[in-house]
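Close look at the chain arrangement
Chain by chain, the residues run as shown.
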Amino acid sequence: MTDKRVDLTTDLMGLTLKNPVMTASGTCGSGIELLPYMDVSKLGAIVGKGTTLNNKVGNPPGRLMQTPGGLLNCIGLQNQGADYFLTEILPEVRKVDTHFFANISGNTVEEYGILAEKLDVDGISGLEVNISCPNVKSGGLAFGTVPEDARSVTEEVKKRTGKPVLVKLSPNVTDITAIAQAVEEGGADGISLINTLLGMSIDIETMKASLSNTFGGLSGPAVKPVGLRMVYQVYQKVKIPIVGLGGIMNAEDAIEYLLAGATAIQLGTANLVNPAVGIEVIKGIEEYMERKNIRNMQALVGKAHG
Amino acid sequence: MPYATQGIITKNNPLNHQIYRMEIECPDIAKEASPGQFIQVKSSDDGAPLLNRPISIARVIPGGLQIIYAVVGTGTRQLSEKSAGDKLSLIGPLGHGFSWQPENKKVLLVGGGIGIAPLHALAEGLHGDHIEVHTILGFNTKEDLFSQEQLAQWSKKLWVTTMDGTCGIHGHACTPLEGTVSIEDYDHVYACGPEPMLKALAKICNSRHIPCSLSVEEYMACGIGVCLGCVQKILNEDHEETYQRVCVEGPVFSSKEVVFDD
Ligand SMILES: Cc1cc2nc3c(=O)[nH]c(=O)nc-3n(C[C@H](O)[C@H](O)[C@H](O)COP(=O)(O)OP(=O)(O)OC[C@H]3O[C@@H](n4cnc5c(N)ncnc54)[C@H](O)[C@@H]3O)c2cc1C
Ligand SMILES: Cc1cc2nc3c(=O)[nH]c(=O)nc-3n(C[C@H](O)[C@H](O)[C@H](O)COP(=O)(O)O)c2cc1C
Ligand code: FES
């Protein structure tokens, strides 16, 4: 029973999302893969798997390890490159009636720029710039931990695209607000946080690291308090919208992020456990708003701040 | 097409000290399932452990599935504690399973340990298509034996091996190929089991040009192709080494494509 007085429509960087629920990069393929399990067009937006300029084979097997309440991964950005994405994947993505963000990763500032320009095409609503991948040797995380580098990447991408740009931040820093402010100054239209937390696990039988890359990114319920704290802190320091993620498994978790200051949220690891979780979260937020007599999404955002 | 659905457990019984057989009512999955495919099973609804567990479809039965699993950790222990009537969240059928040519006359199945599970549906299907099935089942020791009677109903010949020699042929699942069983007699070889067994068998079959299908295992998260976590190194048509998803392109690959690391 849907009460039409509740309106989940969300404005994100000038884009109108049906609701604030998005799926996170690397956990939903290109969205198409989730079609057997739910009506993907009901989502607010999809964020595609990390795309690099050239084909990337990724790390050897030993890419996953479960930990209490979490998942470690070191996929290493396996993807077939931007040209393959444009010719083979994007035409399929266009058939799904919702917003699609391309998530991009580069080795150099220049590479981020080239990618941004290549992907400035129809069918892509916006870019999510990953300056926070812990699983690749160069680039990635490095750009996400130094404010000046984060700003340079943002400026370069903004110069080369007309699309709204989300910059995705790494939680592996001492002061998240410094990075957030740097990308805001660089012209970012919004900020996504958090990417995964660097971690590891050791197999006591083989006496070696469980993951092929030794370290990996921790995601899932275990990281939620960290992500939530960072969204709360960044909300107090920047004016651009925040897309909150990290450990959101259900509507209650999503609502916490909205209250902390997120305009929209992303589901990551949750998709891996339940590929229809997106629909459940949308319904749960709707029910919560009805119960609390809140008409409009916007009224929830940042409400936990005094 | 795969489904995410709630099954109902109808049976859950131990076959030996470590192995259980469960029957689950799940008509949607059952009507689409084929030999060698698997399901993702949620062993606990309270989020611990977080991930679903990949388990092979051992057999398709009317309106449901049979699975056979070894209790090796938390998730499989939770499964063993469930009873008839309990609900179980499932996703499936998943992956590319076994296939066969109707003109094949005689095939060999090789299963090691819990890798024997998916061979049930395969043997049953081959037998139904009037293909002669011969089977080798490898175990560590006599106490570990399971399913040999079930597989015998579909197999014209069946050999059991044990590592310690307490039952059948002394050695591993490929030991019979050193004399008792002549690999040249077969049109196709199918196998599932530990990696050293698959590697040894691939070497034998590739060198004699006998088509061989291997069901491989990798640690999985999603099971539906979105996380790219479960990859196996595969030699593609262009002779390039690539990483392919065990949950979508696999779990069954040709022995010619699988690249084993030394
Ligand atoms: C395609 C496929 C089909 C399988 N079919 C069967 C089957 O029919 N019967 C059966 O008993 N087992 C099967 N397995 C193995 C089974 O998935 C693992 O034994 C199970 O996940 C262990 O879970 P646990 O919580 O009990 O153990 P844990 O305590 O989590 O771990 C014990 C061991 O299981 C392995 N394991 C743990 N989690 C996973 C995972 N998500 N994916 C793969 N391996 C894992 C670990 O490497 C470890 O060595 C299959 C695996 C795959 C990939
Ligand atoms: C298997 C896997 C692959 C991922 N790949 C990417 C990626 O390609 N690009 C990216 O920006 N983030 C990637 N991430 C990070 C997620 O998008 C997300 O930021 C992180 O997992 C935290 O959210 P969660 O706890 O909801 O999963 C990946 C995460 C996982 C688990
Ligand atoms: S387990 Fe996620 S892609 Fe195979």
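All figures in this text were calculated on a predicted structure; none of them were measured in a lab. (Residues numbered from 1 in each chain as written. Chains lettered and ligands numbered in written order. Predicted model: local features only at pLDDT ≥ 70, side-chain atom pairs only at ≥ 80, totals over all residues. Heavy atoms only, no water.)

All right, on to the overall build of chain A then. When helices and strands are tallied, chain A shows nine helices and 16 strands. For 306 residues, the compact-globule estimate of 2.2 N^0.38 gives 19 Å, and chain A sits close to it at 18 Å. The principal-axis extent of the C-alpha atoms belonging to chain A is close to 55 × 50 × 40 Å. Put simply, chain A has 306 residues, and 61% of those count as buried. Within chain A, contacts between residues separated by at least 24 positions form 72% of all contacts whose residues are at least 6 apart in sequence. Of the accessible surface of chain A, which amounts to about 11,900 Å², a share of 51% is contributed by carbon and sulfur atoms. Each charge sign in chain A was given a centre, from 27 positive and 32 negative side chains, and these centres are 2 Å apart. (Helix = DSSP H or I, 4+ residues; strand = E, 2+ residues; numbered from the N terminus. Rg over C-alpha atoms; globule rule 2.2 N^0.38 Å. Buried < 20%, exposed > 50% of the residue type's maximum accessible area, 1.4 Å probe, protein only. Contact = heavy atoms within 4.5 Å. Areas by Shrake-Rupley, 256 points an atom, 1.4 Å probe, with all protein chains shown as cover. Lys, Arg positive; Asp, Glu negative; His and termini not counted. Charge placed at Lys NZ, Arg CZ, Asp CG, Glu CD.)

This paragraph deals with the site of ligand 1. Residues and elements named next belong to chain B. In the region of ligand 1, 19 residues are neighbours, and Arg-53, Pro-54, Ala-70, Gly-75 and Thr-76 sit closest. In this structure, an oxygen atom belonging to ligand 1 sits 2.7 Å away from a main-chain N or O atom of Pro-54. In this structure, Thr-76 approaches ligand 1 through a side-chain N or O atom, which is 2.5 Å from an oxygen atom. Alone, ligand 1 offers 860 Å² of accessible surface; in the complex the protein occludes 79% of this. Counting residues per element, the ones that place at least two in the shell around ligand 1 are strand E4 (53-56), strand E6 (64-70) and helix H2 (74-80). The element that contributes the greatest number of residues to the shell around ligand 1 is E4, accounting for four residues. Split into classes, the residues belonging to the shell around ligand 1 amount to 11 nonpolar, five polar and three charged. (Near = heavy atom within 4 Å. Polar contact = N/O pair within 3.5 Å; in protein donor to acceptor, adjacent residues only side chain to side chain. Nonpolar A, V, L, I, M, F, W, Y, C, P; charged D, E, K, R; others polar.)

Counting 122 residues, the largest nonpolar core has Ile-131, Leu-169, Leu-193 and Ile-285 of chain A as the members making the most contacts within it. The residue makeup of this core includes at least three contributed by each of domain 1 (3-94) and domain 2 (106-217) of chain B. For Leu-193 of chain A, the contacting residues outside a window of four places in its chain are Leu-169, Ile-176, Met-230, Val-231, Val-234, Ile-242, Val-243, Gly-244 and Leu-245 of chain A. Val-107, Val-133, Phe-139 and Phe-146 of chain B belong to the second-largest nonpolar core, a separate cluster that totals 24 residues. (Core = buried A, V, L, I, M, F, W, Y, C linked by side-chain atoms within 4.5 Å. Domains from an automatic or database assignment.)

Strand order in the closed barrel formed by eight strands is E3-E4-E7-E8-E9-E10-E15-E16 (chain A), with parallel pairing between adjacent strands. The sheet shows a mean angle of 25 degrees between the axes of neighbouring strands, direction not considered. (Pairing = 2+ DSSP bridges. Axes fitted to C-alpha atoms, helices over the stretch in contact; angles between N-to-C directions.)

This part takes up the site of ligand 2. Residues in close proximity to ligand 2 total 24 residues, the closest being Ser-25, Lys-168, Gly-220, Gly-247 and Thr-269 of chain A. Neighbouring residues of ligand 2 are not confined to one chain but are distributed across chains A and B. Ile-194 of chain A is positioned such that a nitrogen or oxygen atom in its backbone is 3.0 Å from an oxygen atom of ligand 2. One of the side-chain N or O atoms of Thr-269 of chain A is found 2.6 Å from an oxygen atom in ligand 2. For ligand 2, whose accessible area on its own is 600 Å², the fraction buried by protein is 98%. Spatially, ligand 2 is embedded in the largest cavity. (1 Å grid on protein atoms, 1.4 Å probe; cavity = no way out; pocket = protein on both sides within 12 Å on 5 of 7 lines; lining within 4 Å. Sits in = over half its atoms within 2 Å of the grid points.)

A few words now on the environment of Pro-102 of chain B. Residue and element names in this part refer to chain B. Within the secondary structure, Pro-102 is located in the loop between strand E7 (87-94) and strand E8 (106-112). Residue classification places Pro-102 among the exposed positions, given a relative accessible area of 62%. Separated by 28 residues in sequence, Pro-102 and His-130 have C-alpha atoms that sit 8.4 Å apart.

The next subject is the domain arrangement of chain B. Residues and elements named next belong to chain B. Split by domain assignment, chain B resolves into domain 1 (3-94) and domain 2 (106-217). The centre of domain 1, based on its C-alpha atoms, is set 24 Å off from the matching centre of domain 2. Contact residues are listed per partner, giving 14 residues for domain 1 and 14 residues for domain 2. Of the roughly 1,100 Å² buried between domain 1 and domain 2 on both sides combined, carbon and sulfur atoms contribute 58%. When the area that domain 1 buries against domain 2 is broken down by residue, the three leading residues are Pro-35, Arg-59 and Ile-68, summing to 38%. (Buried area = accessible area lost by both parts, 1.4 Å probe.)

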